[in-house]
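As a plain string of letters, each chain reads:
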Protein chains: 2
Amino acid sequence: MSGALKENPGKPSEVEYTHFKDLQALEMERGRLYETIVVTWDGSMVGNAAPIGVLCTGEDTVTLYLYQGTRTVENVLDNGRFTVNVTLDPLIFTDSTLGDLDEDMFSHYRDFLHLRGADAFFTAEVVSVKKLVKRDRFGESELHVVKARAGDVMRAESFRMVLNRGIYAVIESLIAYTRAEFSDPLVLRERIAEMNRVARKVGGPREKEAMRRIIQALESKIS
Amino acid sequence: MSGALKENPGKPSEVEYTHFKDLQALEMERGRLYETIVVTWDGSMVGNAAPIGVLCTGEDTVTLYLYQGTRTVENVLDNGRFTVNVTLDPLIFTDSTLGDLDEDMFSHYRDFLHLRGADAFFTAEVVSVKKLVKRDRFGESELHVVKARAGDVMRAESFRMVLNRGIYAVIESLIAYTRAEFSDPLVLRERIAEMNRVARKVGGPREKEAMRRIIQALESKIS
């Protein structure tokens, strides 16, 4: 740890990036939804960061589902641009959910802002926006479906992977399965059903197949 | 996809590994617990694979908590050796939990068996075994605390990271937090408490600090 880091613990150092042309450089697969930090900015280039699930729909296309009334959706609708940032740092996810990141957490790249020190990021330009009303067990909410095209894909040495909750849903389900005999079958079934929803929403074919096998094994164990 | 792969879909291809001397090559950090596949074998070299949490305790030391009555603990006590295998494949975790992996899922390395096609693996030799009785909300169980020393650390090109549930516990908690107004406060608190247990058990300092901030924000939101 350098002295500079100690004096200013919040500000990550600048990082060097290598430029790539599409999302394969980040091993993002079509049909999977990734947990990322989306950075947007207003007319005065004041940055905003929010944890957003980004659906990969092709080698240079993504779809975001943005809730009405957030700064992210305002900024995206205003200027049609944003960056998708990759990190595995729990404090970045936490601080950008609970409040605002400090100004010095943003860096400039061309006329975009991105998360300073991110393991990777890509620039994105909005292709289309559709408004829809989503009804689920949490009630009714207005959503903007934003389709966007990735531009420059920038990867740092520190890049490992883009966070995907699919494998986690499988592991959680397996842990619940091994504890089945100590669990209330109702609670257990509800937990596994929730993890199945997660795997189907964010995962790939192997996560979905894994959940199918777990549910089948569970039903013959507890019935 | 080659014809050979199609004919025998279950068997992964052999992989080339680079040899390293300690667990830093896998970016394993002291104090974190990782989700791995532990491979053991009996006197006839019949392999067994089981998903096991492996606590990193130093740059070449790990601790495993093994439940009584499993083939893993029998094999480990019998011959004092095993391999720790790294994969992100949900079907390997699933199939090794629900039943046995096929024989052709194991490969030989020196006089060890490891998971064929694993992103990485390391050989381990038992240093000490202590028996203890664990009492928790799931009841009472006999545990073997196995301390072991890592030998050869083998990493393939496909290696990205060793699975750690800490970041996922934080993400799950943040999702629960953003839905707080639609949730039963009791259910919400219980869910966050469970995720806090996971983060404290498996995570590093940043996951623990993230959970502290989430719980603090949640308490001022719902109280």
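Each chain carries its own residue numbering, running from 1 in the written order of its sequence. Chains carry letters and ligands carry numbers; both start at the beginning, A for chains and 1 for ligands, and go up in the order they are written. At least 70 in pLDDT is required for a residue's local features to be given in this predicted model, at least 80 for side-chain atom pairs to be given and counted, and no such filter applies to totals for whole chains, interfaces and linings, which use all residues. No hydrogens and no water enter the side-chain calculation; it runs on all heavy atoms of the structure.

Chain A is annotated in an unreviewed UniProt entry as DUF447 family protein from Methanothermobacter defluvii.

Asker: Just to check I follow, could you spell out the overall build of chain A for this structure?
Answerer: Helix and strand labels come from DSSP, where a helix needs a run of H or I of at least four residues and a strand needs a run of E of at least two; each type is numbered from the N terminus. What chain A contains, in helices and strands, is 6 helices and 9 strands. Overall size of chain A, expressed as C-alpha extent along the three principal axes, is 60 × 45 × 30 Å. Across the 223 residues of chain A, 49% fall into the buried class. Taking the contacts inside chain A whose residues are at least 6 apart along the sequence as the reference set, 69% of them involve residues at least 24 apart. Per-residue accessibility takes into account occlusion by the displayed protein chains alone, with areas from the Shrake-Rupley method and a 1.4 Å probe. When the accessible area of chain A is evaluated, it comes to approximately 10900 Å², of which 49% is carbon and sulfur surface. For chain A, the distance from the average site of its 30 positive side-chain charges to the average site of its 34 negative ones is 8 Å. Accessibility here uses a 1.4 Å probe with only protein chains present; expressed as a share of the type maximum, an area under 20% marks a residue as buried, one over 50% as exposed, and anything in between as partly exposed. The criterion used for residue contact is that any of the two residues' heavy atoms lie within 4.5 Å. This count recognises Lys and Arg as positive and Asp and Glu as negative, with His and chain-terminal groups excluded. Note on charges: their place is set at NZ of Lys, CZ of Arg, CG of Asp or CD of Glu.

Asker: Please clarify how the environment of B:Glu14 should be interpreted in this entry.
Answerer: All names here are of chain B. Here Glu14 shows up in the loop between α1 (3-7) and β1 (17-20). Since its relative accessible area comes to 48%, Glu14 is described here as partly exposed. On a C-alpha basis, the gap between Glu14 and Thr57 in space is 30 Å, while along the polypeptide they are 43 residues apart. With near-sequence residues (within four places) excluded, Glu14 lies in contact with Ser107 and Arg116. Distance and chemistry together define a polar contact, namely a pair of N or O atoms within 3.5 Å, with one atom able to donate a hydrogen and the other to accept it when in protein, and with adjacent residues in sequence counting only for side-chain atoms on both sides. Side-chain polar atoms of Glu14 contact the side chain of Ser107, separated by 2.9 Å. Of the polar contacts made by the side chain of Glu14, one reaches the side chain of Arg116; its length is 3.0 Å.

Asker: I'm lost on the pairing of strand β4 (residues 61-67) of chain B in this one. Help?
Answerer: Regular strands have side chains that alternate between both faces of the sheet. Residue and element names in this part refer to chain B. The pairing of strand β3 (residues 47-58) with β4 spans 4 bridges and is antiparallel. Bridge pairing in β4 links Gly58 to Thr61. Two strands pair if DSSP finds at least two bridges between them. In sequence, β3 turns back onto β4 through a hairpin of 2 residues. Inspection of the sheet shows β4 paired to strand β9 (residues 139-156) by 7 bridges, in the antiparallel sense. Paired with Thr61 across the bridge in β9 is Arg149.

Asker: Help me understand the packing of helix α6 (residues 205-222) of chain A against helix α3 (residues 90-98) of chain B in this model?
Answerer: In a packed pair of helices, the relevant descriptors are the angle between the two axes and the axis-to-axis distance. The N-to-C vectors of α6(A) and α3(B) enclose an angle of 15 degrees; their axes lie 8 Å apart at closest approach. On the basis of the axis angle, α6(A) is roughly parallel to α3(B). Here α6(A) runs over α3(B); the crossing is left-handed. When α6(A) is examined against α3(B), the residues A:Arg206, A:Glu207, A:Glu209, A:Ala210, A:Arg213, A:Ile214 and A:Ala217 are found in contact with a partner set consisting of B:Pro90, B:Leu91, B:Thr94, B:Asp95 and B:Leu98. Here the nonpolar group is Ala, Val, Leu, Ile, Met, Phe, Trp, Tyr, Cys and Pro; Asp, Glu, Lys and Arg are the charged ones; every other residue, Gly included, is treated as polar. For the contact of α6(A) with α3(B), a count of residues per class yields 6 nonpolar, 1 polar and 5 charged. Orientation is described by lines fitted to C-alpha atoms, with helices fitted over the stretch in contact, and by angles between N-to-C directions that extend from 0 to 180 degrees. An angle below 35 degrees is read as roughly parallel, one above 145 as roughly antiparallel, one from 65 to 115 as roughly perpendicular, and any other as oblique. By definition, turning the near helix anticlockwise from the far helix through less than a right angle yields a left-handed crossing, and turning it clockwise yields a right-handed one.

Asker: Is there a simple way to think about helix α5 (residues 185-202) of chain B in this case?
Answerer: Residue pairs spaced three or four apart in an α-helix point in one direction, given the helix's 3.6 residues per turn. In this model α5(B) runs 26 Å from its N-terminal to its C-terminal C-alpha over 18 residues, within 8% of the 26 Å that 1.5 Å per residue would give. Among all positions of α5(B), only B:Leu188, B:Ile192, B:Glu194, B:Met195, B:Asn196, B:Val198, B:Ala199 and B:Val202 are buried. Contacts from the buried residues of α5(B) go to α4 (166-178) of chain A together with β2 (33-41), α4 (166-178) and α6 (205-222) of chain B. For a helix, the expected span equals 1.5 Å multiplied by the residue count minus one.

Asker: What's the story with the interface of chain A and chain B in this structure? I'm lost.
Answerer: Taken together, the contact pairs 38 residues of chain A with 38 residues of chain B. Defined here as a combined quantity, buried area equals the accessible surface (1.4 Å probe) lost by two parts on assembly, summed across both. Contact between chain A and chain B buries roughly 3800 Å² in total, counting both sides, with carbon and sulfur atoms accounting for 67%. The working definition used for a salt bridge is a side-chain nitrogen of Lys or Arg within 4 Å of a carboxyl oxygen of Asp or Glu. Applying the counting criterion to the chain A and chain B interface returns 8 salt bridges. For the salt bridge of A:Arg213 with B:Asp95, the shortest nitrogen-to-oxygen distance reads 2.7 Å. There are 9 residue pairs in polar contact (both at pLDDT 80 or more) connecting chain A and chain B. Looking at the side of chain A that touches chain B, the elements that each hand over two or more residues are α3 (90-98), α4, α5 (185-202) and α6 of chain A. In terms of residue count, the dominant contributor to the side of chain A that touches chain B is α4(A) (9 residues).

Asker: What am I meant to see in the relation of the copies chain A and chain B here?
Answerer: Each of the two copies of the chain can be brought onto the other by a rotation about an axis and a shift along it. Expressed as a screw operation, the relation of chain A to chain B combines 0.0 Å of axial shift with a rotation of 180 degrees, fitting to an RMSD of 0.0 Å. Such values leave the two copies arranged in the relation of a two-fold axis. No C-alpha of chain A approaches the rotation axis more nearly than that of A:Arg160, which lies at 2.8 Å. In this assembly, 97% of the residues forming the interface of chain A have copies in chain B that are likewise at the interface, indicating an isologous arrangement. The atoms used to superpose the copies are C-alpha atoms, taken from residues with pLDDT of at least 70 in both, and the fit is least squares.

Asker: When you look at the UniProt feature "domain: DUF447" (unreviewed entry) in chain A in this model, what are you seeing that I'm missing?
Answerer: All names here are of chain A. UniProt positions are given in the numbering used here, feature names are shortened, and annotations may be inferred rather than shown by experiment. According to UniProt, the "domain: DUF447" (unreviewed entry) feature falls on residues 34-148 and 164-215. As a span, residues 34-148 carries 16% helix and 59% strand, and end to end its C-alpha atoms are 15 Å apart. In the segment residues 164-215, helix accounts for 81% and strand for 0%; the C-alpha atoms at its two ends are 21 Å apart.

Asker: Sorry if this is basic, but what is going on with the domain arrangement of chain A here?
Answerer: Put simply, an interface is often sized by how much accessible area is lost when its parts join up. All names here are of chain A. These domain limits were set by an automatic method or by a database of domain assignments. Each assigned domain of chain A is listed here: domain 1 (10-156) and domain 2 (166-222). On a C-alpha basis, the centres of domain 1 and domain 2 stand 30 Å from each other. Between domain 1 and domain 2 the total buried area reaches about 470 Å² when both faces are included, carbon and sulfur atoms providing 37% of it. On the domain 1 side of the contact with domain 2, Arg32, Leu33 and Arg137 bury the most area, a combined 83% of that side's loss.

Asker: Even after reading the chapter, I still don't get the nonpolar core, so can you show me in this structure?
Answerer: Nonpolar side chains tend toward joint burial in soluble globular proteins. Note on terminology: a nonpolar core comprises buried Ala, Val, Leu, Ile, Met, Phe, Trp, Tyr and Cys residues joined through side-chain atoms within 4.5 Å. A:Val39, A:Leu115, B:Val39 and B:Leu115 are the most contacted members of the largest nonpolar core, which totals 83 residues. Ignoring anything within four residues of it in the chain, the contact list for B:Leu115 reads B:Tyr17, B:Ile37, B:Val39, B:Asn85, B:Thr87, B:Ile92, B:Leu101 and B:Met105.

Asker: Honestly, the pairing of strand β9 (residues 139-156) of chain A in this entry has me stumped. Any pointers?
Answerer: All names here are of chain A. Pairing of strand β1 (residues 17-20) with β9 involves 4 bridges; the strand directions are antiparallel. By the bridge assignment for β9, Phe20 is matched with Val153. As judged from the 15 bridges shared by strand β8 (residues 120-136) and β9, these two strands associate in the antiparallel manner. Bridge pairing in β9 places Arg135 opposite Glu140. With antiparallel pairing between neighbouring strands as the criterion, β8 and β9 make up a hairpin whose turn holds 2 residues.

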